[in-house]
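Structural overview for review
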Amino acid sequence: MPGIVSVKTPPDAPPLRISVPEESPHTPIRPETIRSEPKSNSPATRRPPSPSPSTSRAKPSPDRGSAKKKSPPEKNLINESSLDNPDLGPFLLKLARDTIASGEGPSKALDYALRASKSFEKCAVDGEPSLDLAMSLHVVAAIYCSLGKFEEAVPVLERAIKVPEVVRGADHALASFSGYMQLGDTHSMLGQLDRSIECYKEGLKIQMEALGDNDPRVAETCRYLAEAHVQAMQFDDADNLCKKTLEIHRVHSPPASLEEAADRRLMALICEAKGDYESALEHLVLASMAMIANGQENEVAAIDVSIGNIYSSLTRFDEAVFSYQKALTVFKSSKGDNHPLVASVFVRLADLYYKTGKLRESRSYCENALRIYAKPVPGTGAEEIASGMTEISAIYELFNEPEEALKLLQKAMKLLEDKPGQHSTVAGIEARMGVMFYMVGRYEESRSSFESAVAKLRASGERKSAFFGVVLNQMGLASVQLFKIDEAAELFEEAREILEQECGPCHQDTLGVYSNLAATYDAMGRIEDAIEILEYVLKLREEKLGTANPDFDDEKKRLAELLKEAGRSRNKKAKSLENLIDPNSKRTNKKETSKKWSAFGFRS
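Quick caveat, the model's predicted, so the values are computed rather than measured.

Some words on the overall build of the chain
Check the secondary structure of the chain and you find 24 helices and two strands. Looking at the chain as a whole, 52% of its 604 residues qualify as buried. Counting only carbon and sulfur atoms, one obtains 49% of the accessible surface of the chain, whose full area is about 27,100 Å².

What follows is the structure, given as structure tokens:
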């Protein structure tokens, strides 16, 4: 039975190369589809790309007398009428391979691959699914992806996954599995995470039916799918898949294996995202021990950085500094003083020293990191530089320097705006820019940034995440400042629905949306709706949250005023908009405002 495996393409993968094997009719080929990482600090081990099914070996030429070894025949030598020759499909795929190998470019190879798929389709026996056709379609889609034409690759792959019949055996299962995984990768490159995850789920289902639930190759696909869930911020689903991966590797891998270490690093990332720092620390320590046992010095240093992050979150700052310095020593000795990994540790130290009140040291580390990012070593990815600049911008935001933070975010945007598969990351940066524009009073630009971020998040399938709800709320605030009250109300209503489902009614973000929505209804003259919301909020505070929070007194006063005005006259004059944003706005100074915006969590 051929192996059905799922693996991830690293972000720095070489250009797509397509090869046609020579050995057997159904040896898998591996066109390198591109797959974005969930984050720059993902613990996932870098692996080859998702596999695609195989092709036939046969390679006779329809024009044997004119065959040339170095130069493939021109298009006009192969007319449409000859496509029903059963030898032509494999031959054309070989031409596609030779064309790419000769450096003539993927466009000509695409033409040969398209003709091959037509030949396989014409030669297919009625009622019999052709695996060669499915394979050729996978190759066509892979070439489209290499040309950046991801939208054109999608219908090709959707057609390809309909060709195999899984009940016919392992070869068909492999072809179907590979098709779903490649389609998932392509959706991911388009930023359509929800569709991507659905494809991966279907691929995993086929793989488990073919190999059983506990095969090591199933573990690889589970981890692959878990990483996609992390990227979509669906941490509960990622948690369940990662636990299954760990269980399978415990059975099939030796103790302290590299596979288990990779699983634990991903599990630590998930636990950290869920706020379970102690469990994250436990997974990281076990992963570090496994890497030490396998002599992976640089990987141990990377884990030390993650351990430092957890110690920092636990306010164990001395231990965090020790972990960061250990990693810094290793990276400097193995990579050099100007490597981006060194800069990434500088950023972590800058953040830590800000938390401990050592502002001079914090600023110094920021500047050192920026010097490295300004002149990166060859081979540094744009994503890595953009991630570092985004993190530094968050520190400048804490310094109350929003203009400097904005400059860094704009630089990060320029680095990523043309990169495929970065839609969610760009959306996060745009949301951060919206916050910065808001802080400096540039409300039109703030709203535009939020609007662009919202559009990208909707397209990527994150329209049900808590982060999306927060962005909607903030876009609503910008709309209020521009006196677009009806638009603000719609945004607050959508944010309320999402945050109620994702965070619950008692969460601070949800309560903030309730307050904003009540104030907006008040400004629109919908007094009864505003009263209903404020009564609900006060009831929540009295029954579940307590009344010690200062917001309770503000909300109580606002409700009393509304009730008084509602009893006196239904046609009250609309209120000033100055209190629509937050009931505490009158007593919040500039420094506190900066901290509040930062607390929304716009960190890449």
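A word on helix α11 (residues 297–313)
The end-to-end C-alpha distance of α11 is 25 Å, a good match for the 24 Å that 17 residues give at a rise of 1.5 Å each. Val300, Ala301, Ile303, Asp304, Val305, Ile307, Gly308, Asn309, Ile310, Tyr311 and Ser312 are the residues of α11 that are buried. Close packing links the buried residues of α11 with α9 (258–273), α10 (277–293), α12 (317–335) and α13 (340–355). Thr315 sits one or two residues past α11 and shows a positive phi near 60°.

Focus: the environment of Arg195
Within the fold, Arg195 resides in helix α6 (residues 193–211). Between the alpha carbons of Arg195 and Gly184 there is a distance of 7.0 Å; along the sequence they are 11 residues apart.

Description of the packing of helix α3 (residues 131–146) against helix α5 (residues 170–189)
Viewed as axis vectors pointing N to C, α3 and α5 meet at an angle of 20°, and their least axial separation amounts to 11 Å. Relative to α5, the element α3 lies roughly parallel. For the pair α3 and α5, the crossing hand works out as left-handed. For the pair α3 and α5, the contacting residues are Leu131, His138, Ala141, Ala142 and Cys145 in the first and Asp171, His172, Ala175, Ser178, Gly179, Gln182 and Thr186 in the second. Here the residues of the contact of α3 with α5 sort into five nonpolar, six polar and one charged.

As for a nonpolar patch on the surface
On the surface, Val285, Leu286 and Met289 cluster together into a nonpolar patch covering about 240 Å² of accessible area. Within the secondary structure, Val285 is located in helix α10.

As for α10
The terminal C-alpha atoms of α10 lie 24 Å apart, and with 17 residues this matches the ideal 24 Å at 1.5 Å per residue to within 8%. Of the residues making up α10, those classed as buried are Ala280, Leu281, His283, Leu284, Ala287, Ser288, Ala290 and Met291. In this fold, the buried residues of α10 make contact with α8 (235–252), α9 and α11. In the segment just after α10, Gly295 is the residue with positive phi, at about 70°.

Quick notes on the nonpolar core
With 161 residues, the main nonpolar core has Tyr373, Ile392, Tyr396 and Val471 as its most contacted residues. Here Tyr373 is in contact with Pro340, Ala343, Ser344, Val347, Glu384, Ile385, Gly388, Met389 and Ile392, once residues within four sequence places are set aside.

Points about the packing of aromatic side chains
Under the criterion given, the structure shown has seven aromatic pairs. For the ring pair Tyr353 and Tyr365, a centre distance of 5.7 Å and an interplane angle of 5° mean the geometry is stacked. Of the two residues, Tyr353 is situated in helix α13 and Tyr365 in helix α14 (residues 359–374); the sequence distance between them amounts to 12 residues. With 5.2 Å between their ring centres and 70° between their planes, Tyr438 and Tyr443 make a pair best called edge-to-face. Note on Tyr438: relative accessible area 7%, which makes it buried. The exposure class assigned to Tyr443 is partly exposed, which follows from its relative accessible area of 24%. Through successive ring pairs, a cluster of aromatic residues spans Phe346, Tyr353 and Tyr365. Arg363 extends its terminal NZ or CZ atom over the ring of Phe399, reaching a point 4.4 Å from the ring centre.

Some remarks on the pattern of salt bridges
When the charged atoms of two side chains lie near each other, side chains of opposite charge can form a pair. Enumeration according to the criterion identifies 27 salt bridges in this entry. Between Lys94 and Asp98 there is a salt bridge, and its shortest N-O distance comes to 2.8 Å. Taken as a pair, Lys94 and Asp98 lie in helix α1 (residues 88–101) at a separation of four residues, close to a single helical turn. Connected via shared salt-bridge partners are Asp236, Asp239, Lys243 and Lys274.

Overview of the confidence of the model for the chain
Across the chain, the average pLDDT comes to 80, with 78% of residues at or above 70. Taken together, the stretch residues 1–77 has pLDDT below 50 and engages in 194 contacts with residues farther than four places along the chain or on a different chain. Low pLDDT, under 50, characterises residues 568–604; the predicted model gives this stretch 72 contacts beyond four residues in sequence or across chains.

Brief notes about unusual backbone geometry
In the Ramachandran plot, Ala256 falls in the positive-phi region, its phi being about 60° despite a non-glycine side chain. Within the secondary structure, Ala256 sits in the loop between α8 and α9. Here Ala256 falls in the partly exposed class, since its relative accessible area comes to 33%. Located in the positive-phi region is Phe483, a residue other than glycine, with phi close to 65°.

So, the packing of helix α15 (residues 382–398) against helix α17 (residues 423–439)
Relative orientation and spacing of two packed helices are given, respectively, by the angle between their axes and the distance between those axes. Contact pair α15 / α17: the axes reach a minimum separation of 12 Å and the direction vectors enclose 20°. In terms of orientation, α15 and α17 fall into the roughly parallel class. When you trace α15 past α17, the crossing you get is left-handed. Contacts between α15 and α17 involve Thr390, Ser393, Ala394 and Glu397 from the former and Ile429, Arg432, Val435, Met436 and Met439 from the latter.

Focus on the environment of Ser515
With respect to the helices and strands, the residue Ser515 is situated in helix α21 (residues 508–524). Under the relative-accessibility criterion, Ser515 is labelled buried at 6%. The sequence separation of Ser515 and Phe492 amounts to 23 residues, and the corresponding C-alpha distance is 9.7 Å.

The rules we used
- Residues numbered from 1 in each chain as written.
- Predicted model: local features only at pLDDT ≥ 70, side-chain atom pairs only at ≥ 80, totals over all residues.
- Heavy atoms only, no water.
- Helix = DSSP H or I, 4+ residues; strand = E, 2+ residues; numbered from the N terminus.
- Buried < 20%, exposed > 50% of the residue type's maximum accessible area, 1.4 Å probe, protein only.
- Areas by Shrake-Rupley, 256 points an atom, 1.4 Å probe, with all protein chains shown as cover.
- Expected span 1.5 Å × (residues − 1).
- Contact = heavy atoms within 4.5 Å.
- Axes fitted to C-alpha atoms, helices over the stretch in contact; angles between N-to-C directions.
- Parallel < 35°, antiparallel > 145°, perpendicular 65-115°, else oblique.
- Left-handed = near helix turned anticlockwise from the far one by under 90°.
- Nonpolar A, V, L, I, M, F, W, Y, C, P; charged D, E, K, R; others polar.
- Patch = residues over 30% accessible without salt bridge, like charges linked within 9 Å, V, L, I, M, F, W, Y side chains within 5 Å.
- Salt bridge = Lys/Arg side-chain N within 4 Å of Asp/Glu carboxyl O.
- Core = buried A, V, L, I, M, F, W, Y, C linked by side-chain atoms within 4.5 Å.
- Phe/Tyr/Trp six-rings, centres within 6.5 Å; stacked < 30°, edge-to-face > 60°.
- Lys NZ or Arg CZ within 6 Å of the ring centre and 35° of its normal.
- pLDDT = per-residue confidence, 0-100.

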